[in-house]
There are 2 protein chains.
Amino acid sequence: MQLGLSVSDSDVSSFTPLVVLELADDTKAEAITWLLNRIRGKQQNGGAELLVDQLLFPAQDGQKSNQNVFVVGSTLQRLLKGAEDVGLFKEFQDGTMRGFTYANRESFKDFYGDGEGFLSDAECQYIIKHELDTLRAKNEEHVPGYPKVKLYPGKSVVRRLQSKGVLVQYFPLHNKEDLKRLSFSWYKKIKLSFQPLDDIRHYFGEGLALYFGFLEYFTFALVPMAFIGIPYYLFDWEDYDKYVLFAVFNLVWSTVFLEVWKRCSATLAYGWGTLSHKKAFEEPRAGFHGALGFNPITGREEPVYPSSKYHLRIYLVSVPFVLLCLYLSFYVMMVYFDMENWAISIYNENPNLATGILLFVPSIIYAVVIEIMNLLYRYAAEFLTNWENHRLESSFQNHLVLKVLVFNFVNCFASLFYIAFVMQDMVLLRQSLATLLITSQILNQVMEAFLPYWLQRRRNKKVHKRMRRMMGDKELPLLEQVQLETEMNTYLGTFDDYLEQFLLFGYVSLFSCVYPLAAVLVVLNNITEVYSDAFKMCHVFKRPFSEPAANIGVWQLAFETMSIISVVTNCALIGLSSQVKAYFPESETQMILIVVAIEHVLLAFKFILAFVIPDVPKHIQVKLAKLEFDSLEALKKRVSTNFYVWNKILIYCLLRTAFYFIYFFK
Amino acid sequence: MQLGLSVSDSDVSSFTPLVVLELADDTKAEAITWLLNRIRGKQQNGGAELLVDQLLFPAQDGQKSNQNVFVVGSTLQRLLKGAEDVGLFKEFQDGTMRGFTYANRESFKDFYGDGEGFLSDAECQYIIKHELDTLRAKNEEHVPGYPKVKLYPGKSVVRRLQSKGVLVQYFPLHNKEDLKRLSFSWYKKIKLSFQPLDDIRHYFGEGLALYFGFLEYFTFALVPMAFIGIPYYLFDWEDYDKYVLFAVFNLVWSTVFLEVWKRCSATLAYGWGTLSHKKAFEEPRAGFHGALGFNPITGREEPVYPSSKYHLRIYLVSVPFVLLCLYLSFYVMMVYFDMENWAISIYNENPNLATGILLFVPSIIYAVVIEIMNLLYRYAAEFLTNWENHRLESSFQNHLVLKVLVFNFVNCFASLFYIAFVMQDMVLLRQSLATLLITSQILNQVMEAFLPYWLQRRRNKKVHKRMRRMMGDKELPLLEQVQLETEMNTYLGTFDDYLEQFLLFGYVSLFSCVYPLAAVLVVLNNITEVYSDAFKMCHVFKRPFSEPAANIGVWQLAFETMSIISVVTNCALIGLSSQVKAYFPESETQMILIVVAIEHVLLAFKFILAFVIPDVPKHIQVKLAKLEFDSLEALKKRVSTNFYVWNKILIYCLLRTAFYFIYFFK
């Protein structure tokens, strides 16, 4: 039995391990030595100046486990300097948010002594990730020991190792004490209260905190709709004028709450320092390839890929492929409706048990086919987006989100649209809506949290038992923790969580005038969703790296688009209703024209409302402008002594604004 | 006869006079002395360090003319330093645009020797305007000699003098030689060529050059429409499928050309250095009033006005007033249609000369009433916008433009909408369109250029004769020029010119499927418009101060809105046509639904197109990003020596971006 781990255990205790690096089991020793030297090396020599140690796991059942697992930590001073590198914003003495600098550290609020506790765990881990990611090749032509893994000056070492499979994964470690405290205040107490967003942000970073903030906000925003919807259900209100009122309220309300959310998220993001935070020039993503050339902007050597080819791939391959998939999805739906009609006709001819069971067959087949299609499409979308060869991770993500979004939208709602506008059967529509909503909610909760939790629990027990058996009674919290977390599933980002909310929003808003109870169901679902999501983050998945985010990004656009589509669908539904038709007995044409006119007015009203409500609350606008002005004034005072710097500053600032313009109009 | 002017004449020759300052005739001597001292004073003492001299006009016919006319000039060095203050962008040695700095002046392209000719006339005048505008009160409590004209530290002196009527006007002088050269290349040669946009920008500044650029671009963009429209007229094509084709082409084309214009204007603005140029914190406009308080952003003492009151004024007074005016305008239109019906019925009863003349009376009355209403509304809008008390000139302008725009839109197009959709008389619609278009074009050209020119010419001759009489044969070019230009009308900005183009665009696009010849007429009009506008700028109006502009601002929005409305109107017109109705003989409902569906698809297509076409061409994006990156790198290298500056820079830059976000979403 090997017990070489005592070395690492005593070593590790010299610093707090923050990030785990797992290299492939068969990594060549020279590559490991080289990488560790680079990570430990001084910054002036191009190193990251971090602390790193190997974890030696005992062999188990005669089989050696992966020996190439490392933990990375850092000195406090290095972290503070790193905080400056990544452009972290912190609260200043005067209550405003300012970019942190090491030289000015004493002037920041909550900075005491040597700065212990000034940076949160999540921030420290983000800084270490940034430092590892920006570890650049110098003169090495390839990774030592791997002549085929080419490098060139300026290439991120970690990304290259990752894309070649030498670096299996790296992830931040949980902090057990903080986690216990967070989970207590978050989901373990039963009393009604807001989520501890600041604590979530502290532990998981801004991206996730914004998701949970949005989830909470969205749920609260649905409460008025739910309350208004309840009497419709209780009293069986079927008058269309009441439904019309409800629909109009919904449409205006959804615009208002989406606009107000922007203000809320700006307020949150300002307090977290991400509203003003701007990432430095993004590195190409790990999978980006192309002929080696020079970046026209940075002048650095990096793969260059012609943008014409990239656009051709998107417009000539991806767009047609997505359209084809959508068509296929429609086609499958039509087949399903045919099958159902056929089943019903057989049942009507000869109603017995066998044909009664047959009635359910089409739905089951359809559900299974849809799930399979969804899965296949997801793989295809990922493959295609990868093949489109996006230079930036953000652009990759946006294109992937868009592809999956459109397909899911069609899959979820196509049959409802068909029932509503082709079959024009409002009773069936209501039934289908209810069925879809309830089953998808239950399925989601099971698939998302309970199933992974159950699997995870089994695995945990196994690892725990194994470690006990291996090590006897020795205390091995760190080794065990790393072993456990290495085997946990990776949280793939907020994508699926947002997608779920997006589809729920669709159920609520698209056909709101037919099924007012949808809002009630979604509110109930979201209350449990908060708990299951929180639990999932804390106990089911690996801890994710924090991601500075100032808003919910492409999802804001998706929700807004949905609310525009819902204006059209609701107006159409109202136009189709027999009650409204009864108002215009002599002329259907006139009725349609009036409905269309109302729809246009509502759409125009939405756009004007979105235009008129400022996206950032006044007091934060003033704070931002004041800080900008202060900086400008401070710079002006230095101008007399240093014209050169002033020039550069001016150029930089003005161009930054110009860049934003570009980004925005794109 | 006083001949004291020799003093000034010899003085004036010591510097090139660039700007004329006219104070009220009865200005107190101590105020004049104080102002001149401030203008001449050293910068470190809060002066503007400019050169200024009095012009003494001879008395004429026993009546003294205004003696308080001054010319302002500057040394070259002062102008170059001023160029840095206003944040001018100039072409650097490497071909990119960079913020000009005095210290780096040698590194800029076209900078030779002491920098003679580096700055254009318009730039020099803009710099002088900026320096005068930012001349701030120090400890003075009021303007000397005027105890009622209060001042406070930091208040712009010139703006206070202007709002109190002490400063009558200040304007830049024409440069006769440059003007001659410009007008030759611009409108005096007959050969077909593009306008000399760079020369126009050189002489009149970016705002006007962009207008002329847009005018030219717009005209070219209409040429394809015009070409396609001609055969419809020649061959009397009345098939609706052809009209549908034409309309669809128009709708897509108008979206594309508005999007492409953004790219063109970005390219122009980059070359002129205004794309990255950002104005410093704007001063409150001259008319802004409120209780003296502290600006929360700059901390300076200035009038403060509660934004709640400002919003209340807009939403509770201005918006209802505008709506009321629109209603009134509709009402007048209805009365007009009644009158016309009445006149026709009388004529039909008893057709003779008197009743024949009576047929024209309603139109004449209506035209006169509309003109009067327009005039009154314009005054009311200006008054209201003033009363709303906008802090910034830009916000004032936007609100004024919006008010006038909406009213003019309704006035111009309401009767056409009525004919098209209520009366559904396509022949009358076509006639009215043609009449309106042609008469408004002729009227515009006359009112805008020829009439003022004629008046100006008469005045010129009088002044010339008077000056000759006064001075005998002495050469007095400067005195005479100042005298002439002081009395010229002030050019009130590009507002009316853009408005005209906007309305023409409405005639072309709103009913394009009914009257395809509109584009031809507009193209013809615009070809002469270029010449008459150019002539007007050079010879009819005072030279305007140049205004750095990076785009056409609110007009882009206005044109885009018009192109959205035109989708709706064209689809409706097609739906109304008897040919289309003939395709669906059994079901009008189905036809309407199809038309509405097509309309929605077109609208969605427009939005997607606008989203997909990037607003700044790739090569300029790269240039901007490269410069930003270079500046960032240059700053990084300085970081080690000066953490403090780096901190400030970072904050400033990041906040600038955040600020843009705010600005954009507002």
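Quick caveat, the model's predicted, so the values are computed rather than measured.

A. Local environment of the overall build of chain A. Helix and strand counts for chain A stand at 22 helices and ten strands. Here chain A holds 666 residues, and 54% of them are scored as buried. Surface accessibility of chain A: about 30,700 Å² in total, with carbon and sulfur atoms responsible for 64%.

B. Inspection of the sheet that holds strand β1 (residues 19-23) of chain A at higher detail. Residues and elements named next belong to chain A. Spatially, the four strands line up as an open sheet ordered β2-β3-β1-β8, and their pairing is antiparallel. Both edges of this open sheet fall to β2 (51-55) and β8 (167-172), since each of them pairs with a single strand only. For this sheet, the mean angle separating the axes of adjacent strands, direction not counted, is 20°. Of the pairings in the sheet, the one linking β1 to strand β3 (residues 69-73) comprises four bridges and is antiparallel in character. Within β3, the position partnered with Val 20 by the bridge is Val 71. Sitting on the sheet, helix α15 (residues 477-487) is in contact with β1, β2, β3 and β8, with an inclination near 115° to β8.

C. Quick look at the environment of B:Lys618. Of note, B:Lys618 is situated in helix α21 (residues 618-639). As for B:Lys618 and B:Gly205, which are separated by 413 residues in sequence, their C-alpha atoms are 26 Å apart.

D. Structural detail: helix α20 (residues 588-612) of chain B. With 25 residues, α20(B) ought to run about 36 Å at 1.5 Å a step, and its terminal C-alpha atoms sit 36 Å apart, in line with that. For α20(B), the set of buried residues is B:Thr589, B:Met591, B:Ile592, B:Val595, B:Val596, B:Glu599, B:His600, B:Leu602, B:Leu603, B:Lys606 and B:Leu609.

E. Seen up close, the pairing of strand β9 (residues 291-294) of chain B. Residues and elements named next belong to chain B. As judged from the four bridges shared by β9 and strand β10 (residues 301-304), these two strands associate in the antiparallel manner. Directly across from Phe 294, in β10, lies its bridge partner Glu 301. Taking the residues that link successive antiparallel strands as the turn, the β9-β10 hairpin has six residues, and the phi of Gly 299 there is positive, at about 75°.

F. Region of interest: the side chain of B:Lys536. Residue and element names in this part refer to chain B. With respect to the helices, strands and loops of the structure, Lys 536 is situated in helix α17 (residues 518-540). For Lys 536, a relative accessible area of 3% corresponds to the buried category. Contacts of Lys 536, omitting those with residues within four sequence positions, involve Glu 448, Tyr 491, Asp 497 and Phe 541.

G. Just the pattern of salt bridges, in detail. Scanning all chains against the criterion turns up 34 salt bridges over all chains. Between B:Arg78 and B:Glu131 there is a salt bridge, and its shortest N-O distance comes to 2.7 Å. Here B:Glu131 lies in helix α4 (residues 121-133) and B:Arg78 lies in helix α3 (residues 76-85), a separation of 53 residues in the sequence. Here B:Asp133 makes a salt bridge to B:Lys129, at a shortest N to O gap of 3.4 Å. With B:Asp133 and B:Lys129 both in helix α4 and four residues apart, this pair spans about one turn of that helix. With relative accessibility at 7%, the residue B:Asp133 sits in the buried group. Because the salt bridges share partners, they merge into one network encompassing A:Lys90, A:Glu123, A:Arg201 and A:Glu206.

H. Broad picture of a nonpolar patch on the surface. Together, A:Leu312, A:Tyr315, A:Leu316, A:Val317, A:Val319, A:Leu323, A:Phe383, A:Trp387, A:Leu557, B:Ile608, B:Phe611 and B:Val612 line one region of the surface with nonpolar side chains, adding up to about 1,100 Å² of accessible area. Only α10 (307-349) and α12 (361-387) of chain A together with α20 of chain B provide two or more residues apiece to the nonpolar patch. The element best represented in the nonpolar patch is α10(A), accounting for six residues. Secondary-structure assignment places A:Val319 in helix α10.

I. Layout of the packing of helix α3 (residues 76-85) of chain A against helix α4 (residues 121-133) of chain A. Residue and element names in this part refer to chain A. Contact geometry for α3 and α4: axes closest at 9 Å, N-to-C directions at 75°. Between α3 and α4, the angle is such that the two are roughly perpendicular. Along the contact surface, α3 presents Arg 78, Leu 79, Gly 82, Ala 83 and Asp 85, while α4 presents Cys 124, Ile 127, Ile 128, His 130 and Glu 131. Along the lines of polarity and charge, the residues of the contact of α3 with α4 split into five nonpolar, two polar and three charged.

J. Structural context of the domain arrangement of chain A. Residues and elements named next belong to chain A. One can read the domain layout of chain A as domain 1 (19-173), domain 2 (181-305 + 389-616) and domain 3 (618-665). Spacing between the C-alpha centres of domain 1 and domain 2 amounts to 33 Å. Of the roughly 3,300 Å² buried between domain 1 and domain 2, counting both surfaces, carbon and sulfur atoms make up 61%. Among the residues of domain 1 in contact with domain 2, Tyr 126, Tyr 152 and Leu 173 are the three that bury the most area, contributing 18% of the side total. Inspection of the region where domain 1 meets domain 2 yields two salt bridges.

K. Broad picture of the side chain of A:Asn408. By the secondary structure assignment, A:Asn408 is in helix α13 (residues 393-423). Every residue in contact with A:Asn408, bar those within four places of it in the chain, is listed here: A:Asn374, A:Leu499 and A:Leu503.

L. Just the sheet that holds strand β2 (residues 51-55) of chain B, in detail. All names here are of chain B. In space, the four strands of this open sheet follow the order β2-β3-β1-β8, with antiparallel pairing throughout. The strands lining the two open edges of the sheet, one partner per strand, are β2 and β8 (167-172). Across the sheet, the mean angle from the axis of one strand to that of its neighbour is 20°, orientation sign disregarded. Both β2 and strand β3 (residues 69-73) contribute to a ladder of five bridges, which runs antiparallel. Among the inter-strand pairings, Gln 54 is bridged to a residue of β3, identified as Phe 70. Packed onto the sheet, helix α2 (residues 29-40) meets β1 (19-23), β2 and β3 and runs at close to 145° relative to β2. Helix α15 (residues 477-487) contacts β1, β2, β3 and β8 of the sheet and is inclined by roughly 115° relative to β8.

M. Molecular detail of helix α6 (residues 176-188) of chain A. With 13 residues, α6(A) extends just 16 Å between its outermost C-alpha atoms, more than 12% less than the 18 Å of an ideal straight helix rising 1.5 Å per residue. In this fold, the buried residues of α6(A) make contact with α7 (197-204), α8 (206-234) and α17 (518-540) of chain A.

N. Representation of the packing of aromatic side chains within the structure. Taken as a whole and assessed by the stated rule, the structure comprises 79 aromatic pairs over all chains. With centroids separated by 5.6 Å and ring planes inclined at 55°, the aromatic side chains of B:Tyr491 and B:Phe541 adopt a geometry described as tilted. With B:Tyr491 in the loop between α15 and α16 (495-510) and B:Phe541 in the loop between α17 and α18 (554-576), this pair connects stretches of sequence that are 50 residues apart. The same class applies to B:Tyr491 as to B:Phe541, namely buried. The ring of A:Trp454 has A:Arg458 sitting right over it, with the charged end atom 5.6 Å from the ring centre. Above the ring of B:Tyr203, the side-chain terminus of B:Arg543 is found at 3.8 Å from the ring centroid.

O. Region of the structure containing the environment of A:Arg263. Residues and elements named next belong to chain A. Positionally, Arg 263 belongs in helix α9 (residues 240-271). Using a relative accessible area of 24% as the deciding quantity, one classes Arg 263 as partly exposed. In contact with Arg 263, not counting residues within four places along its chain, are Ile 613, Pro 614, Asp 615, Val 616 and Pro 617.

P. A look at the environment of B:Arg313. All names here are of chain B. Tracing the chain through its elements places Arg 313 in helix α10 (residues 307-349). Remark: the alpha-carbon pair of Arg 313 and Ser 546, spanning 233 residues in sequence, is separated by 32 Å. Contacts of Arg 313, omitting those with residues within four sequence positions, involve Tyr 305, Ser 318, Trp 387, Glu 388 and Asn 389. At a separation of 2.5 Å, a polar atom in the side chain of Arg 313 contacts the main-chain carbonyl oxygen of Trp 387.

Q. Seen up close, unusual backbone geometry. All names here are of chain A. At Glu 49, a position not held by glycine, the phi torsion is positive, near 55°. Mapped onto the elements, Glu 49 comes out in the loop between α2 (29-40) and β2. Owing to a relative accessible area of 27%, Glu 49 belongs among the partly exposed residues under this scheme.

R. Just the confidence of the model for chain A, in detail. All names here are of chain A. Of the residues in chain A, 88% have a pLDDT of 70 or more, and the chain-wide mean is 82. Ranking the helices and strands of chain A by mean pLDDT puts α10 first, with 91, and helix α1 (residues 5-12) last, with 40. Counted against residues more than four places away or in other chains, residues 1-13, with its pLDDT under 50, gives 21 contacts. Low confidence marks residues 638-646, where pLDDT is under 50. Its contacts with residues over four positions away, or in another chain, come to 15 contacts.

S. Layout of the nonpolar core. One finds A:Phe502, A:Trp555, B:Phe502 and B:Trp555 to be the most contacted residues of the largest nonpolar core, which totals 218 residues. Contact partners of A:Trp555, with chain neighbours within four places excluded, come to A:Val401, A:Leu405, A:Phe495, A:Tyr498, A:Leu499 and A:Phe502.

The rules behind each value
- Counting restarts for each chain: residues are numbered from 1 in the order of the written sequence.
- Each chain takes a letter, starting from A, and each ligand takes a number, starting from 1, following the order in which they are written.
- pLDDT decides what is reported in this predicted model: residues at 70 or higher carry local features, side-chain atom pairs at 80 or more are listed and counted, and totals for whole chains, interfaces and linings draw on all residues regardless.
- Side-chain measures here rest on the full set of heavy atoms in the structure, leaving out hydrogens and waters.
- Helix and strand definitions here come from DSSP, where helices need a minimum of 4 consecutive H or I residues and strands a minimum of 2 consecutive E residues; each element is numbered from the N-terminal end.
- A simple rule labels every residue: compare its accessible area, found with a 1.4 Å probe on the protein chains alone, to the largest value its type can have, and call it buried under 20%, exposed over 50%, or partly exposed in between.
- Here the Shrake-Rupley method, with its probe set to 1.4 Å, supplies the accessible areas, and only the displayed protein chains count as covering residues.
- Note on pairing: DSSP must find at least two bridges between two strands before they are called paired.
- For every element, the axis is a line fit to its C-alpha atoms; helices are fit only across the contacting stretch, and the angle between N-to-C directions ranges from 0 to 180 degrees.
- Any two residues whose heavy atoms approach within 4.5 Å at even a single point are treated as in contact.
- By definition here, a helix of n residues has an expected span of 1.5 Å times n minus one.
- A pairing counts as a salt bridge when a side-chain nitrogen of Lys or Arg comes within 4 Å of a carboxyl oxygen of Asp or Glu.
- Patch definition: residues above 30% relative accessible area lacking any salt bridge, with like charges linked at up to 9 Å and the nonpolar side chains Val, Leu, Ile, Met, Phe, Trp and Tyr linked at up to 5 Å.
- Should an angle fall under 35 degrees it is called roughly parallel, over 145 degrees roughly antiparallel, and 65 to 115 degrees roughly perpendicular, with every other angle called oblique.
- Three classes are used: nonpolar for Ala, Val, Leu, Ile, Met, Phe, Trp, Tyr, Cys and Pro, charged for Asp, Glu, Lys and Arg, and polar for all others, with Gly counted as polar.
- Domains are outlined according to an automatic or database domain assignment.
- A quick way to say it: buried area is the sum, across both parts, of accessible area lost when two parts are put together, with a 1.4 Å probe.
- Planes of paired rings set the category: under 30 degrees apart is stacked, over 60 is edge-to-face and the rest tilted, where pairs are Phe, Tyr or Trp rings (Trp by its six-membered ring) whose centres lie within 6.5 Å.
- Each ring is checked for a lysine NZ or an arginine CZ that lies within 6 Å of its centre and within 35 degrees of its normal; such an atom marks a charge sitting over the ring.
- In protein, a polar contact means a hydrogen-donor-capable atom and an acceptor-capable atom, both N or O and within 3.5 Å, with residues adjacent in sequence counting only if both atoms are side-chain atoms; elsewhere, any N or O pair within 3.5 Å suffices.
- The predictor's confidence in any single residue is recorded as pLDDT, a number from 0 to 100.
- For the purposes of this section, nonpolar cores are sets of buried Ala, Val, Leu, Ile, Met, Phe, Trp, Tyr and Cys residues that join through side-chain atoms within 4.5 Å.

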